[in-house]
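Each chain is listed here by its residues.
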Amino acid sequence: MVNAPTSKEETAPERHALHFHAKPSLDLNTVLPFPATSLKRNVAASCICFHKEKPFLAVSVGTYAAVHDLLSGARLQRIDLQVPIVTMCFSPDGTSLVALLRDWEVVSVEMSAWRISLLCPPRGIEKPVEQALMTIMGKHPNIYYSKYGKEYLQVLPLKARALTDAKGRMVKYKKTPVRMEPAKPIIGLDSHPTELQLLVLHVDGVLRGYSPAGSSANMSLVYSVQIQEPSRALPEPSPFEVHPHPNWVPGGALIIQASKSCHVSVLETAGAGLSSAPSFLLRTHLKSWADILGLGYNRTMSQVFAFGFNSLGALRCASWHLATGPRESSNLSLFLNRVYPFNLMPLVEGTHTSQQESSAAQQHQQADDGHDEGADYDVMGSLWAPSPAWASAGAIISPLSDAHFCPRIARMLVHPVLGTVAVQMQPSDLLQATPALMEQLQCELTVQEQALARRTASVPLLCSINHESHLLGWYGSTVTIQHTPLHAWRPAPGFGTRLQLPGHVFYLGQDACLCKFAAATREGEPLLALPSATSHGLARHPRTIIQGKQGALMIFFELPPQGKDSSDRRSAQDQWQWTLMQPNAFEDTPTPIIWFKPGKYGTFIGHKDAFFAVIEATGTLGAVFHTASTNHANAVPLYTFNLDGCSIAGCAMPLFNGPPSAFQELQAYEKRQTAVVGAIMWQTPKGHLVATSLPAFQGM
């Protein structure tokens, strides 16, 4: 490995808590238009790909391809391309899906009418392509593709059409070879998101940038950067992606790459012309890892992901938060995240059940199988039961490890906008080595085999939540949260029911300034410069602003933790503060006095938001205040309460106001004799929405 400067993330403290959750997986059996009794065990995804902007996921199973909507989970359409699919990619505008087939056909599927167009005719099945690289580049898109490990590319216009004569013979097509210097095997290919530039990774470990010289088939070398060790033999395919620059630097890009030796590199191009070579942001070796399965970048959360297996067989995720500076600047830094859970495999396999559910399921299975409740029932021991057809073939059953029996992960992708993680599963090594077993019908499998077959015939989806992603600063402004009550919907003559919104909206502008935007004039004006530092000169950043129905403003501030060597390291409770500004704060004086109390999240509750609740930074203790009488730092809460499940990894979860009728329903459910002031809601780490009512004591 070529020596590189120490990455910024090596010396930065761990500041974030990233938590993964399982989403409903995609059933690949629905991609095939066959009855369930005719489905075989070998149903698995041969290729998956995301659109880089739109919520589309394309999945191929054999000769069939399907496009799914990630927001609704619905399958938009499925099509039969007649030939097994090797690789796919979406056009930049999302109107077409381009697929390279095993016989070297290139087809385009117009998603508006789901019409298939042949772009390049087949070469024949004598020399099929097994692995390929493909990308689409340009305002008038050109498709660049190549067999994995080939020394040159093929270019094909996306709008081209392969023509045939009256006898069905191909008479014309516009496929052109693209030869690049130096001519070395290609192991990575992608296009620049905003410029006419191809980024090619060769087997010698050098990343080279090429730009068209007069035509799409003539490429001139722009730059070259050594990013990994050269390989004498052709290595296995590894992740390589190019994304827009996080700060939207004109001509800039973010490049992420990993090798099978578990080396991860993150580079940026500053955008000062096409000739500017990428510079390293991160170059690290995941020493305890054994394999890399995927890389990804979610620009919404500014997270870089790496997925792979460690030496103990656990599915791990390494994540870095990409801290950005001002817009159109190249001031980027990487900070390591804490990822939960430690092993993501139970989420992928769908076995992430609670301890009570797991115990109940095990007892139920023991009763069905005739086992005593006290017997030691080995679930993993019976997970693989060979079918009679396999046993009669004389196969030898040996105590192999689970990695040989269970389905294995082939690839993991991250949607750049939504952050959804898609997992491509493959049949186990033992199955792939037994062709007769792969052709078995799913209806002939045992119960244990059917469970494994269902795991293979699906695309598991994961999502990540980073509640501390704002610790290094948010770009842009934060608008006040508008809780719209039911009485805001009012009948309007001739228009039915219309929503009456307030005439202005408060928001946090740059330089810690409280601003107001008027809906009538569509102009914003600054109202107050909020304190940006403590009395000791420490930074204080406004993060969240919430407006009550009567005009009160609740603003939450963050005091970022100091470095490891600082003598003023703050605890979690001291990193967040809040203040309350009454509706008449700006009428009495142009510069109202602002005070602070500890707390991270809060919400207004009760009739006309007469009360509000605040929780401290660890999410275990909350307090209820009276809105009108809370006007100084020594204000005493009406009472405090403990919360259960309102934190993740020691960090509080956001707090929300309950529905208008929730507190009456909760009061009846809890059979309380005292009145309540309102209800609060929060989301647990397992994704459950929890609500509780807050009592109103006498004398309030």
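What you see is a predicted model, and the numbers here were worked out from it, not measured in a lab. (Residues numbered from 1 in each chain as written. Predicted model: local features only at pLDDT ≥ 70, side-chain atom pairs only at ≥ 80, totals over all residues. Heavy atoms only, no water.)

(A) View of the overall build of the protein chain. Each helix and strand counted, the protein chain has nine helices and 49 strands in total. When the 700 residues of the protein chain are sorted by exposure, 49% land in the buried category. Long-range pairs, those at least 24 residues apart, make up 53% of the contacts in the protein chain between residues at least 6 apart in sequence. Accessible surface computed for the protein chain: about 33300 Å², of which carbon and sulfur atoms make up 53%. (Helix = DSSP H or I, 4+ residues; strand = E, 2+ residues; numbered from the N terminus. Buried < 20%, exposed > 50% of the residue type's maximum accessible area, 1.4 Å probe, protein only. Contact = heavy atoms within 4.5 Å. Areas by Shrake-Rupley, 256 points an atom, 1.4 Å probe, with all protein chains shown as cover.)

(B) Quick peek at the pairing of strand β4 (residues 64-69). Burial analysis of β4 places six of its six residues in the buried class, which makes it a mostly covered element. Relative to β4, strand β3 (residues 56-61) is paired through six bridges, and the arrangement is antiparallel. Note on β4: the bridge partner recorded for Phe56 is Asp69. Between β4 and strand β5 (residues 75-80), which pair antiparallel and follow one another directly, the connecting turn spans five residues, one of which, Gly73, has a positive phi of 80°. (Pairing = 2+ DSSP bridges.)

(C) Representation of helix α7 (residues 447-456) in the model. Along α7, the positions that sit buried rather than exposed are Glu449, Leu452, Ala453, Arg455 and Thr456. All buried residues of α7 fall inside an arc of 160° around its axis, so they share one side. When the buried face of α7 is taken as reference, the exposed residues oriented beyond 90 degrees from it are Val447 and Arg454. (Arc of directions from axis to C-beta.)

(D) Fine view of the sheet that holds strand β21 (residues 253-258). Sheet architecture is open: four strands sit in the order β20-β21-β22-β23, paired in antiparallel fashion. Of all the strands in the sheet, just β20 (240-244) and β23 (279-285) have a single pairing partner and so form its edges. Across the sheet, the mean angle from the axis of one strand to that of its neighbour is 15°, orientation sign disregarded. Pairing between β21 and strand β22 (residues 263-269): six bridges, direction antiparallel. Each residue of the ladder has a partner; that of Ala253, found in β22, is Thr269. (Axes fitted to C-alpha atoms, helices over the stretch in contact; angles between N-to-C directions.)

(E) Geometry of the pattern of salt bridges. Counting across every chain of the model gives eight salt bridges. In this structure, Lys52 engages Asp190 in a salt bridge whose closest nitrogen and oxygen atoms are separated by 3.5 Å. Within this pair, whereas Lys52 is found in the loop between β2 (47-50) and β3, its partner Asp190 is found in strand β16 (residues 186-191), the two being separated by 138 residues in sequence. Judged by relative accessible area, Lys52 falls into the partly exposed class, the value being 39%. Asp190 gets classed as buried once you look at its relative accessible area, which sits at 8%. Where Arg543 meets Glu558, a salt bridge forms, and the shortest distance between an N and an O atom there is 2.8 Å. Here Glu558 lies in strand β38 (residues 553-558) and Arg543 lies in strand β37 (residues 541-547), a separation of 15 residues in the sequence. One exposure class covers both Arg543 and Glu558, and it is buried. (Salt bridge = Lys/Arg side-chain N within 4 Å of Asp/Glu carboxyl O.)

(F) A positive patch on the surface, seen in detail. Judged by side-chain charge, Arg123, Lys127, Lys147 and Lys150 come together as a positively charged surface patch. Turning to its location among the elements, Lys147 is positioned in strand β11 (residues 142-147). (Patch = residues over 30% accessible without salt bridge, like charges linked within 9 Å, V, L, I, M, F, W, Y side chains within 5 Å. Lys, Arg positive; Asp, Glu negative; His and termini not counted. Charge placed at Lys NZ, Arg CZ, Asp CG, Glu CD.)

(G) Representation of the sheet that holds strand β15 (residues 176-178) within the structure. Overall, antiparallel pairing links the four strands, which are arranged β10-β11-β12-β15 in an open sheet. Each edge of the open sheet is held by one strand with a lone partner, namely β10 (132-137) and β15. Recorded for the sheet is a direction-independent mean angle of 30° between the axes of neighbouring strands.

(H) Representation of the side chain of Thr269 within the structure. Its location among the elements puts Thr269 in strand β22. Residue Thr269 is classed as buried on the basis of its relative accessible area of 4%. A polar atom in the side chain of Thr269 sits 2.8 Å from the backbone nitrogen of Ala253. Apart from residues no more than four positions distant in its own chain, Thr269 is found in contact with His192, Tyr223, His245, Gly251, Gly252, Ala253, Ile255, Ser276 and Pro278. (Polar contact = N/O pair within 3.5 Å; in protein donor to acceptor, adjacent residues only side chain to side chain.)

(I) Representation of the confidence of the model for the protein chain within the structure. Across the protein chain, pLDDT averages 77, with 74% of residues at or above 70. This stretch, residues 1-14, has a pLDDT under 50; its non-local contacts, to residues over four places away or in other chains, come to 30 contacts. In this model, residues 469-477 is a region of pLDDT below 50 whose contacts with residues beyond four sequence positions or in other chains number 26 contacts. (pLDDT = per-residue confidence, 0-100.)

(J) Structural view of the side chain of Thr618. If you trace the backbone, Thr618 turns up in the loop between β42 (611-615) and β43 (621-626). Judged by its relative accessible area of 17%, Thr618 falls in the buried class. A distance of 2.4 Å separates a polar atom in the side chain of Thr618 from a polar atom in the side chain of Glu616.

(K) Quick look at the state of the cysteines. Inspection of the entire model under this criterion finds zero disulfides. Not part of a disulfide, Cys89 finds its nearest cysteine sulfur in Cys49, a span of 6.8 Å. (Disulfide = S-S within 2.5 Å.)

(L) Just the packing of aromatic side chains, in detail. Enumeration according to the criterion identifies 11 aromatic pairs in this entry. Centroid distance Phe20 to Phe305: 6.1 Å. Interplanar angle 65°. Geometry classified as edge-to-face. Pair noted here: Phe20 is in strand β1 (residues 16-27) and Phe305 is in strand β25 (residues 303-310), with a separation of 285 residues, a long-range link. Put simply, the rings of Trp578, Trp595, Phe604, Phe612 and Phe625 touch in pairs and so form one group of aromatic residues. (Phe/Tyr/Trp six-rings, centres within 6.5 Å; stacked < 30°, edge-to-face > 60°.)

(M) Region of the structure containing unusual backbone geometry. A cis amide bond, omega 0°, links Glu181 with the succeeding residue Pro182. Examined against the element boundaries, Pro182 turns out to sit in the loop between β15 and β16. With an omega of -5°, the peptide bond running from Tyr340 to Pro341 counts as cis. Position of Pro341 among the secondary structure elements: in the loop between β27 (333-340) and α1 (345-349). In this structure, Gln82 is a non-glycine residue whose phi angle is positive, near 75°. The residue Gln82 is located in the loop between β5 and β6 (85-90) in this model. With a phi close to 75°, Trp104 is a non-glycine residue in the positive phi region. With respect to the secondary-structure elements, Trp104 resides in the loop between β7 (96-101) and β8 (106-110).

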